Amino acid sequence: MTIVNRKNSAVCVASVLLILSLDSSSAFAPPQSPSLVSTTSPSTTHHRLHNRLYALTTEEEAKAQQKEQKEEILNEASEALTSVGWSAPMAEDELTSDDPFVQKINAQIQEESGVNLDELLNPAKVVNLERDLVNLRSELATLTGMGNDIDVMNSSTEECDGGGGGEDADKIRTKIEKKERDLLIERRSVFRGWLKNVFLGQAVLSLGLSWIMATDPSILFGSFDWYNNVRSIDVSIQVLGFWWWWLFIVPSLRSRRPKGFEKKALDIAFIGTPAVSLIAPAATKDTALIWIANFVLVAGAYAFSYATYDENESGDDSKQPEWLKFVMKSLDFGVGKERGARK
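Okay, so let's go over this structure. Keep in mind the model is a prediction, meaning the values are calculated, not measured.

**With respect to the overall build of the protein**
- Counting its regular elements, the protein contains 13 helices and zero strands.
- When the helices and strands of the protein are read in sequence order from the N terminus, they spell out α-α-α-α-α-α-α-α-α-α-α-α-α.
- Counting only residues that meet the buried cut, the protein has 29% of its 343 residues in that class.
- Of the contacts formed within the protein by residues at least 6 apart in sequence, a portion of 66% connects residues at least 24 apart.
- Working note: accessible area of the protein is about 22700 Å², and carbon and sulfur atoms make up 60% of it.

Written as structure tokens, this is what we have:
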């Protein structure tokens, strides 16, 4: 009897352990995978696929629109910079006046207007526009099936356009049309002698005004209420008076596109006058003395350049350090020695 009871107890314990093991195994078992047989109707599946395709299409269109907006912004910025004669920094093999491409432009302008390229109002912009047109015509010839056989350098837009080409070709045609209009205007804009006289008169007028501003601005502004009521406005005008050298007087003289020793003198003055205007106030608060210091620097630059200028070394910067070359090229911007304007 005892043996039977022990057997029954063992069976009960085994049963309990089996139940517990089954519960624990089910607790730790991985989740059941969904049935391979889909309960979704075909119409619902088609609707979901359609929504996904529509979302992808919308996303691609948004990206394309965003890309077009970026291109438009870059084109507008590029056109704004090109309008003042700016282009990418010059490389060693960049266009100069000795390049056949620039010489060809110079010959065309001489034939049209009887002047040289560097006598135009903005020679840098003319060279940049001509170069851009060559690149655009080359792209147009490729898109319209004209191939690489055509001589783009000596061909007009009509000769490079084989027709068709789709939307990309139409965009290029629009760009070419705009650049050709701009080029026509720039090639007719000659830097006349009277304009040089205007800049010279502006420099002389600025010289007189700046001296009055630096010494006694009440002569010019004493009758205005704001001059008498605004605190320290007279000091601000006096400071502006000696800064006038760098802001107006020297730039006006440089705008005449001087050559030879005068160009060298004004380059020195353009670098030196802001240094004097920044450093001199540490030594004196007399604005008249600072104005005179700027005047002495400019006069000294003329005297030094006249005494040391050598025509045989004109344009030879091979002995100059790289940082000085960069500074001088930066100073040449806007005074007629931009890329392609002169050697």
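**Brief notes about the side chain of Ser305**
- For Ser305, the location among the structural elements is in helix H12 (residues 287–308).
- The residues contacting Ser305, other than those within four sequence positions of it, are Phe261, Lys264, Ala265 and Ile268.

**So, the packing of helix H4 (residues 123–143) against helix H6 (residues 166–187)**
- Interhelical geometry of H4 versus H6 gives an angle of 155° and a closest axis separation of 9 Å. By the angle between their directions, the pair H4 and H6 is classed as roughly antiparallel. As H4 packs across H6, the resulting crossing turns out to be left-handed. Across from Lys125, Val126, Leu129, Glu130, Asp132, Leu133, Leu136, Arg137, Glu139, Leu140 and Leu143 in H4, the residues of H6 making contact are Asp168, Ala169, Ile172, Arg173, Lys175, Ile176, Lys179, Glu180, Asp182, Leu183, Glu186 and Arg187.
- Considered class by class, the residues forming the contact of H4 with H6 number 10 nonpolar, no polar and 13 charged.

**Side note on H4**
- For H4, built from 21 residues, the straight-helix expectation of 30 Å at 1.5 Å per residue is met to within 8% by its first-to-last C-alpha distance of 31 Å.
- Backbone geometry just after H4 places Gly145 at a positive phi near 80°.

**Brief notes about the environment of Asp170**
- Tracing the backbone shows Asp170 in helix H6.
- Since its relative accessible area comes to 42%, Asp170 is described here as partly exposed.
- Sequence-wise, Asp170 and Leu140 are 30 residues apart; in three dimensions their C-alpha atoms are separated by 9.0 Å.

**Quick look at the nonpolar core**
- With 23 residues, the main nonpolar core has Ile105, Ile109, Leu117, Leu120, Val126 and Ile176 as its most contacted residues.
- Contributing elements (two or more residues each) for this core: helix H3 (100–113), H4 and H6.
- Ranked by residues supplied to this core, first place goes to H4 with eight residues.
- Those residues in contact with Ile176 that lie beyond four places of it in its chain are Leu133, Leu136, Arg137, Leu140 and Thr157.

**Here we look at unusual backbone geometry**
- Positioned with a positive phi, Ser232 is a non-glycine residue whose angle comes to about 60°.
- Tracing the backbone through its elements, the reader meets Ser232 in the loop between helix H9 (225–229) and helix H10 (233–254).
- For Ser232, a relative accessible area of 41% translates into the label partly exposed.

**Notes on the pattern of salt bridges**
- In the structure shown here, the tally under the stated rule is 13 salt bridges.
- For Asp161, the salt bridge is made with Arg173, and the minimal N-O distance between the two is 2.7 Å. One end of the pair, Asp161, is in the loop between helix H5 (157–160) and H6; the other, Arg173, is in helix H6, and 12 residues separate them in sequence.
- Beyond isolated ion pairs, a larger network of salt bridges with shared partners links Glu112, Glu130 and Arg187.

**Considering a nonpolar patch on the surface**
- Taken together, Trp211, Leu289, Ile292, Phe295 and Val296 make up a surface patch of nonpolar side chains, about 450 Å² in accessible area.
- Looking at where Trp211 falls in the secondary structure, it is placed in helix H7 (residues 193–215).
- Given the relative accessible area of 35%, Trp211 is considered partly exposed.

Here is what the cut-offs are and how they apply
Residues numbered from 1 in each chain as written. Predicted model: local features only at pLDDT ≥ 70, side-chain atom pairs only at ≥ 80, totals over all residues. Heavy atoms only, no water. Helix = DSSP H or I, 4+ residues; strand = E, 2+ residues; numbered from the N terminus. Buried < 20%, exposed > 50% of the residue type's maximum accessible area, 1.4 Å probe, protein only. Contact = heavy atoms within 4.5 Å. Areas by Shrake-Rupley, 256 points an atom, 1.4 Å probe, with all protein chains shown as cover. Axes fitted to C-alpha atoms, helices over the stretch in contact; angles between N-to-C directions. Parallel < 35°, antiparallel > 145°, perpendicular 65-115°, else oblique. Left-handed = near helix turned anticlockwise from the far one by under 90°. Nonpolar A, V, L, I, M, F, W, Y, C, P; charged D, E, K, R; others polar. Expected span 1.5 Å × (residues − 1). Core = buried A, V, L, I, M, F, W, Y, C linked by side-chain atoms within 4.5 Å. Salt bridge = Lys/Arg side-chain N within 4 Å of Asp/Glu carboxyl O. Patch = residues over 30% accessible without salt bridge, like charges linked within 9 Å, V, L, I, M, F, W, Y side chains within 5 Å.

Remember that the coordinates give geometry; whether it matters functionally is a separate question.
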